Amino acid sequence: MDLLEYQGKQFFAQYGIPVSDGEACTTVDDAVAIADRVGYPVVVKAQVHVGGRGKAGGVKLADNADEVREHAGNILGLDIKGHIVRTIWIEVASDIAEEYYASFTLDRSAKKHLGMLSAEGGVEIETVAEENPDAIAKIWIDPVDGLSEADARSWVEAANLNPDATDGAVDILTKLYTAYTEGDADLCEINPLILKPTGEVHALDAKVTLDGNSTYRHEDYEAYDATQVRDEREEDAHAKGLQYVGLDGYVGVIANGAGLAMSTVDIVNQVGGSPANFLDIGGGANADVMAGALETINNDPKVKSIFINIFGGITKGDEVANGIVTALGRVEIDAPIVIRLDGTNAAEGREILKSHESDMLQSKATMVEAAETVVALAKERGAQ
Amino acid sequence: MAIFVDENTKVIYQGLTGSQGSFYGGRNAEYGTKVVAGTHPKKAGTDVNGVPIFASVAEAVAETGATASCIFIPAPGVRAAVMEAAEGGVEFIVCITEGVPAHDEAWFFNKLQRDFPNVQLLGPNCPGIISPGKCNIGITAGEIAKEPTAGGPNVGIVSRTGTLTYQALYELKLKDIGVSTCVGIGGDPVPGTSFIDCLERFEADDETQAIMMIGEIGGSAEEEAAEFIKANVSKPVVSYVAGVTAPPGKKMGHAGAIVSGGKGTAAAKREALEDAGVKVGSNPTEAGELMVGVVQNL
């Protein structure tokens, strides 16, 4: 789950990380009211799940209420790389002496947490990593030990920040590590982390990605989920608890397991077709889940044929077959279905399907055969 | 031989009293796995289809001499269950549960490495392990796995993705190729067992003559495996990497399966593997066919 900047700042604030006084809003009038409260000058910032806001005109400085009105009016509704701005964040402008970069993420190779700190902030860290890798001070943290203040201090010293920033940076980074671990984040990034002329260190931006698997122990994360950007099909699938990713083609794909679903998408491409989606019905899928999956696929007007690819492990073949039969009774499926069913209870599953086979429902023995059939059917029905 | 588990492995099921635990524990027992105990803090003294339930892993180990544990506990309880298994004295832990927070995984991976260096964890979020004809721990349908043939050639399978693990077993069975051991390492960010852990053991295993490795997009596990193969593996390796056509920035179901910043693409992984002399198929069936060619030349 990716947080918007304002959500990230609210998340940081819960852990005592200094952020600028500000508030999010969705109207020009509210923007002015917030600016009046926090005091001028203010920054008006577009809240979208995409980078490059500044260049797109989504970040503006305002010295007075008229300027807030003007900028807020321009930014609300702005299209930034296909993301329409619905929410803006108004915060008091900060004086900046220096800009740094700081982040925590999981290093999957090292199986440790990785902290990165650089005196070259405010620019893309990937660029710094490429052009001047020595400018990034890295620290690998064993999750069992955590980050001690002493380790944080030597890390900060290795990054060659302005000495005035050392104490403030150590304080923020230890708090950021706590936010990262206690908050179950995949990523906590501050870019820029600023040193003010007055000597304070401060998070001027916030990029936070939370682990969707951790929501059971963070009740407040539901609110973040509501602001995730999904297309209509993805929204519908998400509401049903399905792992769905929208693609641009015409063969609807339903499979169990992320790997098999990916493989199904690959094989549809390889036989000259184009998948409409990736859909993993996951482990433990029952009749209801399969019915929901079929409904989701069927609601996509681009879908010309449907490929159900199930290998029985946790999801048993007879449950899958019953799910398909139930779904067929529940919704009018417009596109022909090709099924490839194997694994646990596959024989029972195929037996259940047998009495329902028709032009609209075929069963094939292999993935390649099923893929060729489903793509041919889609093309017969006008897919290009 | 086989790797990690064989006919002598005695297994405890943490969560045997639950619906998933009893279903798959039952299936594993039917397959011939030595399912010797279940655990539940409040149901000690009862049994599930004749398998005794103990209050803890430590008690179950003391009573049965079990050496492995299989976890079917819901995600919130996994961290405690893994540590209970290690502290209870088993050497091999299979965690089937999906949806475990990444911070928990990173924590218990490092905790085990430090305090229980002899304990091997497989998973979380994996289908388990099967040494066909000997031992099946987890959710793999045993009937799709062909037993190894005496004298070989037999294949060892290691896979990052659940259903493709079964797919690989199935393809080999259709082609009448025996399997020594099939290890599903799972697609999570911090898997307890890596490709390299398995490659190392397959290389040393007398019963394994060739290796099938199934990867997917995201992370750099396949690239690291390629480097290891180049330097340390003499047996032929065939591979398939899922997600060739996955768009960047979209998470494909697994927490690990995402192409970000141009890194972790299937194409890059394929290139690294081919550079290490691995034959890479474009789909699971093609990988199976490549393996037929490899096995015929052994």
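The residue numbers shown here count from 1 along each chain, following its written sequence. Note on labels: chains are lettered from A, ligands numbered from 1, in written order. It should be noted that, the model being predicted, local features are given only for residues of pLDDT at least 70 and side-chain atom pairs only at 80 or more, the latter also being counted only at that level, while totals for whole chains, interfaces and linings use all residues. To obtain the side-chain values, all non-hydrogen atoms of the structure were included, while hydrogens and water were left out.

Now, about the overall build of chain A: what can you tell me, with residues and values included?
Put simply, DSSP H or I for four residues or longer makes a helix, DSSP E for two residues or longer makes a strand, and each gets a number counted from the N terminus. Check the secondary structure of chain A and you find 13 helices and 18 strands. Along the longest, intermediate and shortest principal axes, the C-alpha atoms of chain A span 80 × 50 × 40 Å. Burial classification: accessible surface area is computed with a 1.4 Å probe over protein chains only, and a residue below 20% of its type maximum counts as buried, one above 50% as exposed, and the rest as partly exposed. Relative to its 384 residues, chain A shows a buried fraction of 54%. Exposure was quantified through the Shrake-Rupley algorithm and a 1.4 Å probe, taking into account, for residues, occlusion by the shown protein chains and nothing else. About 15,700 Å² of surface is accessible on chain A, with carbon and sulfur atoms providing 45% of the total.

Which residues make up the overall build of chain B, and what are the values?
Helix and strand counts for chain B come out as nine helices and 14 strands. The C-alpha radius of gyration computed for chain B amounts to 18 Å, which stays within 12% of the reference 19 Å derived for 298 residues, consistent with globular compactness. Expressed as lengths along the three principal axes of its C-alpha atoms, the size of chain B is roughly 55 × 45 × 30 Å. Counting every position in chain B, which comprises 298 residues, the buried fraction comes to 61%. The contact criterion used is simple: two residues touch if any of their non-hydrogen atoms lie within 4.5 Å. In chain B, of all internal contacts separated by at least 6 residues, the share reaching a separation of at least 24 is 76%. With an accessible surface of roughly 10,400 Å², chain B has 50% of that area assigned to carbon and sulfur atoms. Side-chain charges of chain B comprise 22 positive and 34 negative groups, with the mean position of each set lying 3 Å from the other. Within these notes, the globule rule equals 2.2 Å times the number of residues to the 0.38 power, and the radius of gyration is based on C-alpha atoms. Within this scheme the basic residues Lys and Arg register as positive and the acidic residues Asp and Glu register as negative, but His and the chain ends are omitted. A single reference atom marks each charge: NZ on Lys, CZ on Arg, CG on Asp, CD on Glu.

Outline the packing of aromatic side chains, supporting the account with residue identities and numerical values.
Two aromatic rings from Phe, Tyr or Trp, using only the six-membered ring of Trp, form a pair when their centres are within 6.5 Å; if the ring planes differ by under 30 degrees the pair is stacked, by over 60 it is edge-to-face, and anything between is tilted. If you walk through the whole model with that rule in mind, you get 13 aromatic pairs over all chains. Seen in terms of ring centroids, A:F11 and A:F12 are 6.3 Å apart; in terms of plane orientation they differ by 45°. Their pairing is tilted. Both rings, one in B:F4 and one in B:F92, keep their centres 5.1 Å apart while their planes meet at 20°; by these two values the pair is stacked. With B:F4 in the segment before β1 (10-14) and B:F92 in strand β6 (residues 92-95), this pair connects stretches of sequence that are 88 residues apart. Under the relative-accessibility criterion, B:F4 is labelled partly exposed at 23%. For B:F92, a relative accessible area of 5% corresponds to the buried category. Every member of this aromatic cluster is reached through a ring pair, and the members are A:F104, A:W155, A:Y177 and A:Y180. Here, a charge over a ring means that NZ of Lys or CZ of Arg falls within 6 Å of the ring centre while also lying within 35 degrees of the ring normal. Lying across the ring of B:W107, B:R79 places its NZ or CZ 3.7 Å from the centre.

Can you explain the pattern of salt bridges? Please cite residues and give values.
Once their charged atoms are close, side chains differing in charge can pair, the charge on each being opposite to the other. Residues and elements named next belong to chain B. For salt bridges, the criterion is a side-chain nitrogen of Lys or Arg within 4 Å of an Asp or Glu carboxyl oxygen. Here the structure, examined in full by the defined rule, presents 32 salt bridges over all chains. D176 is the salt-bridge partner of K146, the closest N and O atoms lying 3.5 Å from each other. One end of the pair, K146, is in the loop between β9 (135-138) and β10 (154-159); the other, D176, is in the loop between α5 (162-174) and β11 (178-184), with 30 residues separating them in the sequence.

Explain the sheet that holds strand β13 (residues 237-242) of chain B to me, and be specific about the residues and the numbers.
Residues and elements named next belong to chain B. Two strands make a pair as long as DSSP finds a minimum of two bridges between them. Taken together, the seven strands give an open sheet; going across it, the order is β9-β8-β11-β10-β12-β13-β14, and neighbouring strands pair in mixed fashion. Of all the strands in the sheet, just β9 and β14 (279-281) have a single pairing partner and so form its edges. The average undirected angle you get between the axes of adjacent strands in this sheet is 15°. A fitted line through C-alpha atoms serves as each axis, taken over the contacting stretch for helices, and the angle formed by two N-to-C directions is quoted from 0 to 180°. Contacting β8 (128-131), β10, β11, β12 (210-216) and β13, α5 runs over the sheet at an angle of about 165° to β10. Most of the contacts of helix α7 (residues 221-232) go to β12, to which it runs at about 155°, and overall it touches β12 and β13.

Describe the pairing of β13(B), listing the residues and the values that go with them.
All names here are of chain B. Of all six residues that make up β13, six are buried, and the element is covered over most of its length. On β13, burial covers both faces: V237, S239 and V241 on one face and V238, Y240 and A242 on the other are all buried. Where β12 meets β13, six bridges bridge the pair, whose relative direction is parallel. Pairing of E216 across the sheet is with A242, part of β13. For the handedness criterion, the β-α-β arrangement of β12, α7 and β13 is classed as right-handed. As paired strands, β13 and β14 are joined by three bridges and run parallel to one another. Counted as the bridge partner of V238 is K279 from β14. Call a crossover right-handed when, viewed with both strands pointing away from you, the route from the first strand across the helix to the second goes clockwise.

So what about a negative patch on the surface? Which residues, and what values?
Patch membership requires more than 30% relative accessible area and the absence of a salt bridge. Residues of like charge join within 9 Å; the nonpolar side chains Val, Leu, Ile, Met, Phe, Trp and Tyr join within 5 Å. Residues A:E120, A:E124, A:E126, A:E130 and A:E131 make up a contiguous surface patch of negative charge. Topologically, A:E126 is positioned in helix α4 (residues 125-131).

Outline the side chain of B:T285, supporting the account with residue identities and numerical values.
Position of B:T285 among the secondary structure elements: in helix α9 (residues 284-296). Residue classification places B:T285 among the buried positions, given a relative accessible area of 13%.

Give a description of the interface of chain B and chain A that names residues and reports values.
Reports often express the size of an interface as the amount of accessible area lost when the parts come together. Chain B puts 59 residues into the contact, and the matching count from chain A is 52 residues. For the pair chain B and chain A, the number of links is three salt bridges. Put simply, A:D145 and B:R114 hold a salt bridge, and the shortest N to O gap is 3.0 Å. Throughout this description, a polar contact denotes any pair of N or O atoms lying within 3.5 Å of each other; where both atoms belong to protein, one of them has to be capable of donating a hydrogen while the other can accept it, and for residues adjacent in sequence the pair is counted only when both atoms sit in side chains. Linking chain B with chain A are 20 residue pairs in polar contact (both at pLDDT 80 or more). Looking at the side of chain B that touches chain A, the elements with two or more residues in it are α1 (19-31), α4 (102-115), α5, β13 and α9 of chain B.

Lay out the nonpolar core with the relevant residues and their values.
As used here, the term nonpolar core means buried Ala, Val, Leu, Ile, Met, Phe, Trp, Tyr and Cys residues forming a set that is joined through side-chain atoms within 4.5 Å. Counting 95 residues, the largest nonpolar core has B:I137, B:M212 and B:M291 as its most contacted members. Among the nonpolar cores identified, the runner-up in size contains 44 residues, and A:W155, A:L193, A:A203 and A:Y224 belong to it.

Which residues make up the environment of B:G215, and what values go with them?
Residue and element names in this part refer to chain B. Following the sequence through the fold, G215 ends up in strand β12. Sequence spacing of G215 and L290 is 75 residues, and the spatial spacing of their C-alpha atoms is 16 Å. For G215, the contacting residues outside a window of four places in its chain are R160, T161, F195, E222, Y240, V241 and A242.

Quick rundown of the sheet that holds strand β7 (residues 120-122) of chain B? Include the residues and the values.
Residue and element names in this part refer to chain B. Pairing within the open sheet is mixed, and its seven strands lie in the order β3-β4-β2-β1-β5-β6-β7. Strand pairing shows two members of the sheet lacking a second neighbour, β3 (47-48) and β7, which therefore form its edges. By the bridge criterion, four bridges tie strand β5 (residues 68-71) to β6 in an arrangement that is parallel. Bridge pairing in β6 places A68 opposite F92.

Break down the packing of helix α9 (residues 258-270) of chain A against helix α13 (residues 367-380) of chain A for me, with residues and values.
All names here are of chain A. Where α9 contacts α13, the two axes come as close as 9 Å, and the packing angle between them is 55°. As judged from the angle between their axes, α9 and α13 are oblique. Our pair here, α9 against α13, has a crossing hand that is right-handed. Residues L260, S263, T264, I267 and V268 of α9 pack against M367, V368, A371 and V375 of α13. Roughly parallel covers angles under 35 degrees, roughly antiparallel covers those over 145, roughly perpendicular covers 65 to 115, and oblique covers all other angles. By definition, any crossing whose near helix is turned counterclockwise from its far helix by less than a right angle is left-handed, and any crossing with a clockwise turn is right-handed.

I'd love a proper account of α13(A), names of residues and values included.
Residue and element names in this part refer to chain A. What a helix should span is 1.5 Å times the count of its residues minus one. Counted at 1.5 Å a residue, the expected span for α13 with its 14 residues is 20 Å, and the 20 Å between its end C-alpha atoms agrees. Listed in full, the buried residues belonging to α13 are M367, A370, A371, T373, V374, V375, L377 and A378. Trailing α13 by a residue or two, G382 shows a phi angle of about 95°, which is positive.

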